[in-house]
Amino acid sequence: MSLQFNNEQMTEFKRLVVRYPEGKQKSALLPVLHLAQDSFGGWLPTEAMDYVAGLLSIEPIEVYEVATFYSMYNLKPVGKFVFEVCQTGPCMISGSDNIIAYIQNQLGIQPGETTKDGVFTLKLVECLGACGYAPMMQVGKIYREHLTKEKVDAIIEEYRMQVVAQN
Amino acid sequence: MGVKLLLEKANVPGIRTYDVYRREGGYVTAEKALKEMTIEAIVEEVKKSGLRGRGGAGFPAGMKWSFIAKPEGVPRHLVCNADESEPGTFKDRYLMEFLPHLLIEGLLISSFALGSNDTYIYIRGEYAWVATILEEAIEEATKNGFLGNNILGTGFDCRIHVHRGAGAYICGEETALIESLEGKRGNPRIKPPFPAIQGVWMRPTVVNNVETLAAIVPIIKMGGEEYAKIGIGRSTGTKLISACGNINKPGVYEIDMTISVEDFIYSDEYCGGIANGKKLKACIPGGSSVPILPANLLLKTAKGETRYMNYESLSDGGFATGSMMGSGGFIVLDEDQCIVKNTLTLARFYRHESCGQCSPCREGTGWMEKIIQKIELGKGEISDIDLLWDIQRKIEGNTICPLGDAAAWPVAAAIRHFRDEFEWHINNRELSQTSNFGLQHYADPIHVPA
Ligand SMILES: Cc1cc2nc3c(=O)[nH]c(=O)nc-3n(C[C@H](O)[C@H](O)[C@H](O)COP(=O)(O)O)c2cc1C
Ligand code: SF4
Ligand code: FES
């Protein structure tokens, strides 16, 4: 067993679990899966799901069926930065098609793919509750709104710089 | 300027913090409720206010509260629905992001009235930073004695917990939300039992929308009767509208429900008119699930009367010529928008979000998407339109939860009002790939001379 929460993550885990009544610790599953995904490289390998099942004293299958139901859990490895671009009606009528095509072109990938260097993944998603600030995308925990081609270029550059700085 | 009960202080610098919120009169209403009012009196004020649930269904909040079962020794729970995933809707986000303490004050009063010692905010997972804002506000309120044990010396204990969802529109449906809160897939439950009897962990539960619960603060502050004087008919108080699409000023607006749709779209106080000097073609006035209306039916009812931004007026004419207030997600389409394409994105949305429990919804949403896609790509047949109509009719009313209806209505309304645009797509296979049907006879009768 190599995947494990470190001390800080364990503290957060405990903080999440005590929110629910005694004996109902399974209720913490969604928040704990978020924590696991954030802690283990942005996705949930089976090993991570089994680990979470153990922590919550539930069956692994109970974790799998939840992890596969919700769109925010990644069941396959993703790039360092995931561009989740909204494609639903309000964004579409505000020009999301052009933005999606532009991002595809700039990154050289199709929706669902990751760039060869492992830095970017492009995902098309449904309404993120930012329809008035369209076109938009979610990257990690933040929203990038009012997207234009120039803004997309600047954002890609910003994340590339982050990668360079970390290496 | 209309009356502002919720967003009045939204622009005060620092209002997100406890100190500023308190200085501006925050938590005074909670003090009044907890120290001077009985539980019955609070519920009575909410009933008198006529407040209708702001999550979409418009069910009277006071009545819902009075249904909660109170079996001896069983804890009860209030759950705040902050799942906000109906396309076009982003008002709860605004409220939570800018006025977190207003929501917490509303939750405290409501928890007191319902006897909920552990109250949950179920927030959509993508609003991660909003969840953080709420957690910080909860911590501040706890430090200042407005949450925790023995609040204000009244003996009432209340903790508020933030629970992040993980991306599933269906979890906005209250029984799916409860399942999700229990750590399961968001599969709606068959009712009865209703949540008020057996909700989360089989305990009596009330689920209310963010805006509904925030509105409890002005209601208790001014009294239910005063609140009910604002607005008109059974549309009492103020309503948050999130406006988006092809308008000059997208954003979240608080309206008292006496304003006309025309004023809402064209006045500078609100949407500021159609963007880029274009003309209004259509509008989905209450979130993606409600029927789309062409401009002529949007601004005036079928009887030729002015249409207003309230529950009754927006639904005037039923589904034949009217729509619904829904969640307040106001989506405006200009003359360049293609109704087929717009309907396709919504059909895809509902197919993606169907939980899959009922075959009419699971299969029907898939078929609707495929057929509309075919038409959009210039490969449709005229018979496809009737097929679509048939499928949506077979979904409506035949499913466990209202998502099935929510998926059927947008398709039905698009065909009902824009059938000739669908036909044009089918009859002009190549042309439809490079140009749009345009405005035709749907034009706004007020701003575009015939
Ligand atoms: C598919 C579906 C999605 C829903 N999404 C939401 C939502 O995101 N937020 C919300 O408050 N209510 C939503 N509702 C309505 C809830 O089921 C419930 O009626 C509401 O939370 C009750 O609160 P209210 O009475 O204060 O409006 C949804 C309903 C359905 C059928
Ligand atoms: S109507 Fe659709 S979303 Fe609702 S329970 Fe049935 S399959 Fe699930
Ligand atoms: S449609 Fe894109 S954020 Fe709502």
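If you're wondering where the values come from, they're calculated on a predicted model, not measured in any experiment.

### What about the pattern of salt bridges?
Residues and elements named next belong to chain B.
Part 1: Applying the stated rule across the entire model yields 41 salt bridges over all chains.
Part 2: Between Glu211 and Arg54 there is a salt bridge; the shortest N-O distance is 3.7 Å. Placement of Glu211 in helix H9 (residues 210-222) and of Arg54 in the loop between helix H3 (39-49) and helix H4 (61-66) is noted, with a sequence separation of 157 residues between them.
Part 3: On the accessibility criterion, Glu211 (0% relative accessible area) is buried.
Part 4: Using a relative accessible area of 1% as the deciding quantity, one classes Arg54 as buried.
Part 5: A salt bridge links Asp386 to Arg419, with the shortest nitrogen-to-oxygen separation between them at 2.8 Å.

### Quick notes on the site of ligand 1
Residue and element names in this part refer to chain B.
Part 1: Close contacts around ligand 1 come from 18 residues, with Gly55, Asn81, Asn208, Asn209 and Thr212 the closest.
Part 2: Separating an oxygen atom of ligand 1 from a side-chain N or O atom of Lys64 is a distance of 3.3 Å.
Part 3: Between ligand 1 and the protein, one listed contact pairs an oxygen atom with a backbone N or O atom of Glu174 at 3.1 Å.
Part 4: When the free accessible area of ligand 1 is taken as 610 Å², the share hidden by the protein chains comes to 89%.
Part 5: Element by element, the count of residues in the shell around ligand 1 is highest for strand S4 (residues 205-209), at three residues.
Part 6: Of the residues assigned to the shell around ligand 1, the class counts are four nonpolar, eight polar and six charged.

### Focus: the packing of helix H15 (residues 339-353) of chain B against helix H16 (residues 359-376) of chain B
Residues and elements named next belong to chain B.
Part 1: Direction vectors running N to C along H15 and H16 enclose 155°, while the axes themselves pass 8 Å from each other. Of the possible angle classes, the one that applies to H15 and H16 is roughly antiparallel. Viewed along their axes, H15 and H16 form a crossing whose handedness is left-handed. Touching Val340, Lys341, Thr343, Leu344, Ala347, Arg348, Tyr350 and Arg351 of H15 are Thr365, Gly366, Met368, Glu369, Ile372, Gln373, Ile375 and Glu376, all from H16.

### Observations regarding the sheet that holds strand S2 (residues 120-125) of chain A
All names here are of chain A.
Part 1: Taken in spatial order, the four strands line up as S2-S1-S3-S4 in an open sheet, and their pairing is mixed. Each end of this open sheet is capped by a strand with a single partner; those strands are S2 and strand S4 (142-144). Along the sheet, successive strands turn relative to each other by an average axial angle of 25°, direction set aside.
Part 2: The sheet contact formed by strand S1 (residues 81-86) and S2 spans six bridges and is parallel. In the strand pairing of S2, Val85 is matched with Leu124.
Part 3: Sheet strands touched by helix H7 (residues 149-166): S1, S2, strand S3 (137-139) and S4. Its angle to S1, the strand with the most contacts, is close to 165°.

### So, the domain arrangement of chain B
Residues and elements named next belong to chain B.
Part 1: When its domains are assigned, chain B resolves into domain 1 (18-229), domain 2 (235-334) and domain 3 (339-434).
Part 2: Distance between the C-alpha centres of domain 2 and domain 3: 23 Å.
Part 3: Taken residue by residue, the interface counts 15 residues in domain 2 and 13 residues in domain 3.
Part 4: Buried area between domain 2 and domain 3, summed over both chains or domains, comes out near 1200 Å², and the portion from carbon and sulfur atoms is 68%.
Part 5: On the domain 2 side of the interface with domain 3, the three residues burying the most area are Ser289, Ile292 and Phe319, jointly 41% of the side's total.
Part 6: For the interface between domain 2 and domain 3, the tally reads one salt bridge.
Part 7: Put simply, Lys281 and Glu421 hold a salt bridge, and the shortest N to O gap is 2.9 Å.
Part 8: Put simply, domain 2 and domain 3 have four residue pairs in polar contact (both at pLDDT 80 or more) between them.

Each value, and the rule that gives it
Residues numbered from 1 in each chain as written. Chains lettered and ligands numbered in written order. Predicted model: local features only at pLDDT ≥ 70, side-chain atom pairs only at ≥ 80, totals over all residues. Heavy atoms only, no water. Salt bridge = Lys/Arg side-chain N within 4 Å of Asp/Glu carboxyl O. Helix = DSSP H or I, 4+ residues; strand = E, 2+ residues; numbered from the N terminus. Buried < 20%, exposed > 50% of the residue type's maximum accessible area, 1.4 Å probe, protein only. Near = heavy atom within 4 Å. Polar contact = N/O pair within 3.5 Å; in protein donor to acceptor, adjacent residues only side chain to side chain. Areas by Shrake-Rupley, 256 points an atom, 1.4 Å probe, with all protein chains shown as cover. Nonpolar A, V, L, I, M, F, W, Y, C, P; charged D, E, K, R; others polar. Axes fitted to C-alpha atoms, helices over the stretch in contact; angles between N-to-C directions. Parallel < 35°, antiparallel > 145°, perpendicular 65-115°, else oblique. Left-handed = near helix turned anticlockwise from the far one by under 90°. Contact = heavy atoms within 4.5 Å. Pairing = 2+ DSSP bridges. Domains from an automatic or database assignment. Buried area = accessible area lost by both parts, 1.4 Å probe.

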